[in-house]
Amino acid sequence: MRPSQITTLLKREFTAVRNGQHTPVMLWGPPGVGKSQILFQVADSFGVPLIDLRLSQLEPTDLRGIPFRIDHWVEWAIPSMLPNSKRHGSEGILFLDELTSAPPTVSAAAYQLILDRQLGEYTVPEGWAIVAAGNRQGDRGITYTLPAPLANRFTHYEIEPHIGDWVTWAAHRSIDQRLIGFLLYRPELLFDFDPNQNPLAFPTPRSWEYAHRALQKFEDIPELLLETLQACVGPGAGLELKAFIDNMAQMPDVEAILRGKDVSIPEALDLQYGVAATLVRRAVDARNSHEAHQIYGHILGYATRLPEREIGVMLVTEMFRAIGRPLLKHPEFAKWARQVSDLMLYER
């Protein structure tokens with residue numbers, strides 16, 4: 001499932017806690033696809049805490065608690081990191097991360113916690129959802145086979161990277177538009193991981209965010225920029241990104257496009273993708289401004305002029321993902337839609 005679908009699913013699971021319909025969820029996926037980040041975004045959208053327990057770093061007693069003697073009896077001290085209504089609030093998300101990397105003794109300690117929402121004398125507060133995550137076998141991580149009794153305590157979903165979801169996320173988080181343009185031009189590089197080759201750095205949604213940070217830190221040091229990009233996303237992808245960025249110096253005047261000027265369209269496809277990514281970013285920036293309607297119209301007009309109509313479709317699609325229904329109400333949208341109606345019909 002794509003990340004946006006997983007986000008919707010998890011939001012529904014969280015609200016289902018309130019009426020007793022929640023089922024523990026297990027998220028599967030390769031490294032760097034954003035499993036943890038999705039959970040934090042869901043918790044943030046509801047304004048509730050998220051307790052992130054990295055099970056690979058725990059001992060069984062970290063969950064069960066430490067025994068102590070009272071008279072002739074043994075009691076268990078409940079770990080303070082587990083959700084508590086008084087300390088953490090009545091609602092939240094308990095995130096059991098790296099479940100497949102946890103030793104069997106730790107995962108066994110989690111059986112009762114996951115299914116019965118209890119562990120000895122401890123009970124998970126009623127308003128808390130339980131979500132776990134882990135890497136698949138074959139992802140070149142430290143993994144243990146998930147025991148059948150534990151696996152049967154979850155519903156299971158696998159996350160797959162999706163370029164549209166990533167571009168929407170990136171546009172809202174001020175990721176460098178040149179990097180967005182590059183991945184629109186080369187979407188197959190959003191995630192490129194071959195565990196058989198044993199790479200150290202490779203392209204993932206997470207490592208592309210690292211590449212964005214490298215651009216901000218080292219762009220003014222040309223002799224270091226290539227090496228720092230390759231350190232984030234690997235030799236091949238880093239080299240391609242650097243070449244793409246160098247070529248962006250020939251990009252047309254985006255400000256003139258936003259003012260409605262008759263700006264020539266570059267012949268090179270990579271430059272067209274770069275312009276498209278930049279325009280999407282500018283549309284997002286303009287959402288709450290009094291110029292938004294005018295800027296949307298000029299961008300739609302530019303999309304109508306693009307000779308490669310697929311790029312125009314991509315540009316308008318990503319704009320819609322980023323700003324939503326206000327785009328559909330714009331008069332220029334109808335003009336653009338009529339021009340590409342045969343293409344949209346064919347693609348559907």
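The structure presented is a predicted model; accordingly, all values stated were derived computationally and were not measured. (Residues numbered from 1 in each chain as written. Predicted model: local features only at pLDDT ≥ 70, side-chain atom pairs only at ≥ 80, totals over all residues. Heavy atoms only, no water.)

1. Looking at unusual backbone geometry
Excluding glycine, residues mostly carry a negative phi; peptide bonds, for their part, are mostly trans.
Right, on to step 1. Backbone geometry at Glu 98 places phi at a positive 60°, although glycine is not the residue there.
Right, on to step 2. As for its position among the elements, Glu 98 is in the loop between β5 (91-97) and α5 (104-109).
Right, on to step 3. Glu 98 gets classed as partly exposed once you look at its relative accessible area, which sits at 23%. (Helix = DSSP H or I, 4+ residues; strand = E, 2+ residues; numbered from the N terminus. Buried < 20%, exposed > 50% of the residue type's maximum accessible area, 1.4 Å probe, protein only.)

2. Overview of the nonpolar core
Right, on to step 1. If you look at the biggest cluster of nonpolar residues, it comprises 61 residues, and the most contacted ones within it are Trp 166, Leu 179, Trp 208, Leu 279, Leu 315 and Met 319.
Right, on to step 2. The element contributing the most residues to this core is helix α14 (residues 269-285), with 9 residues.
Right, on to step 3. With near-sequence residues (within four places) excluded, Trp 166 lies in contact with Ile 175, Leu 179, Ile 180, Leu 183, Leu 190, Pro 205 and Trp 208.
Right, on to step 4. The next biggest cluster of nonpolar side chains, apart from the first, holds 26 residues, and it includes Leu 58, Leu 63, Leu 96 and Leu 99. (Core = buried A, V, L, I, M, F, W, Y, C linked by side-chain atoms within 4.5 Å. Contact = heavy atoms within 4.5 Å.)

3. A word on the environment of Thr 100
Right, on to step 1. Here Thr 100 lies in the loop between β5 and α5.
Right, on to step 2. Residues Thr 100 and Gln 112, 12 residues apart in the sequence, show an inter-C-alpha distance of 17 Å.
Right, on to step 3. At 3.1 Å, the side chain of Thr 100 forms a polar contact with the backbone oxygen of Asn 135. (Polar contact = N/O pair within 3.5 Å; in protein donor to acceptor, adjacent residues only side chain to side chain.)

4. Topic: the domain arrangement of the protein chain
A common way to express how large an interface is: the accessible area buried when the components associate.
Right, on to step 1. Along its sequence, the protein chain is carved into domain 1 (3-158) and domain 2 (163-345).
Right, on to step 2. Computed from C-alpha atoms alone, the centre-to-centre distance between domain 1 and domain 2 is 37 Å.
Right, on to step 3. Carbon and sulfur atoms make up 49% of the area that domain 1 and domain 2 hide from each other, which totals about 940 Å².
Right, on to step 4. Taken together, domain 1 and domain 2 are joined by 0 salt bridges. (Domains from an automatic or database assignment. Buried area = accessible area lost by both parts, 1.4 Å probe. Salt bridge = Lys/Arg side-chain N within 4 Å of Asp/Glu carboxyl O.)

5. Let's talk about the pairing of strand β4 (residues 73-77)
Right, on to step 1. Where strand β3 (residues 66-70) lies against β4, 5 bridges are found, and the strand directions are antiparallel. From the neighbouring strand, Ile 70 faces β4, where its bridge partner is Trp 73.
Right, on to step 2. Where β3 hands over to β4, the hairpin turn is made up of 2 residues, of which Asp 71 adopts a positive phi near 55°. (Pairing = 2+ DSSP bridges.)

6. A closer look at the packing of aromatic side chains
Right, on to step 1. Taken as a whole, this structure holds 9 aromatic pairs when the rule is applied.
Right, on to step 2. Judged by centre distance (4.5 Å) and plane angle (40°), the ring pair of Phe 14 and Phe 46 falls under tilted. On the criterion of sequence distance, the pair formed by Phe 14 in helix α1 (residues 3-16) and Phe 46 in helix α2 (residues 35-46) is long-range, its members being 32 residues apart.
Right, on to step 3. Taking the relative accessible area as the measure of exposure, Phe 46 reaches 28% and is therefore partly exposed.
Right, on to step 4. Between Phe 182 and Phe 244, the aromatic rings sit 5.5 Å apart at their centres with planes inclined by 65°, giving edge-to-face as the arrangement. Of this pair, Phe 182 sits in helix α9 (residues 177-185) while Phe 244 sits in helix α12 (residues 235-247); the two residues are 62 residues apart in sequence, bridging distant segments of the chain. Per residue, the accessibility class of Phe 182 equals that of Phe 244, and both read buried.
Right, on to step 5. Here the aromatic residues Phe 182, Tyr 185, Trp 208, Phe 244 and Tyr 273 are joined through ring pairs into a cluster of three or more. (Phe/Tyr/Trp six-rings, centres within 6.5 Å; stacked < 30°, edge-to-face > 60°.)

7. Here we look at the sheet that holds β5
Right, on to step 1. The sheet built from 5 strands is open, its strands ordered β2-β5-β8-β1-β9 with parallel pairing. Because the sheet does not close on itself, it has two edges, and the strands there are β2 (50-54) and β9 (155-158). Strand after strand, the sheet turns through a mean of 20° between neighbouring axes, direction not considered.
Right, on to step 2. Inspection of the sheet shows β2 paired to β5 by 5 bridges, in the parallel sense. Counted as the bridge partner of Leu 53 is Leu 96 from β5.
Right, on to step 3. Along the sheet face, α1 touches β1 (25-28), β5, β8 (127-134) and β9 and points at about 165° away from the line of β1.
Right, on to step 4. Set on the sheet, α2 makes contact with β1, β2, β5 and β8; between it and β5 the angle comes to about 175°. (Axes fitted to C-alpha atoms, helices over the stretch in contact; angles between N-to-C directions.)

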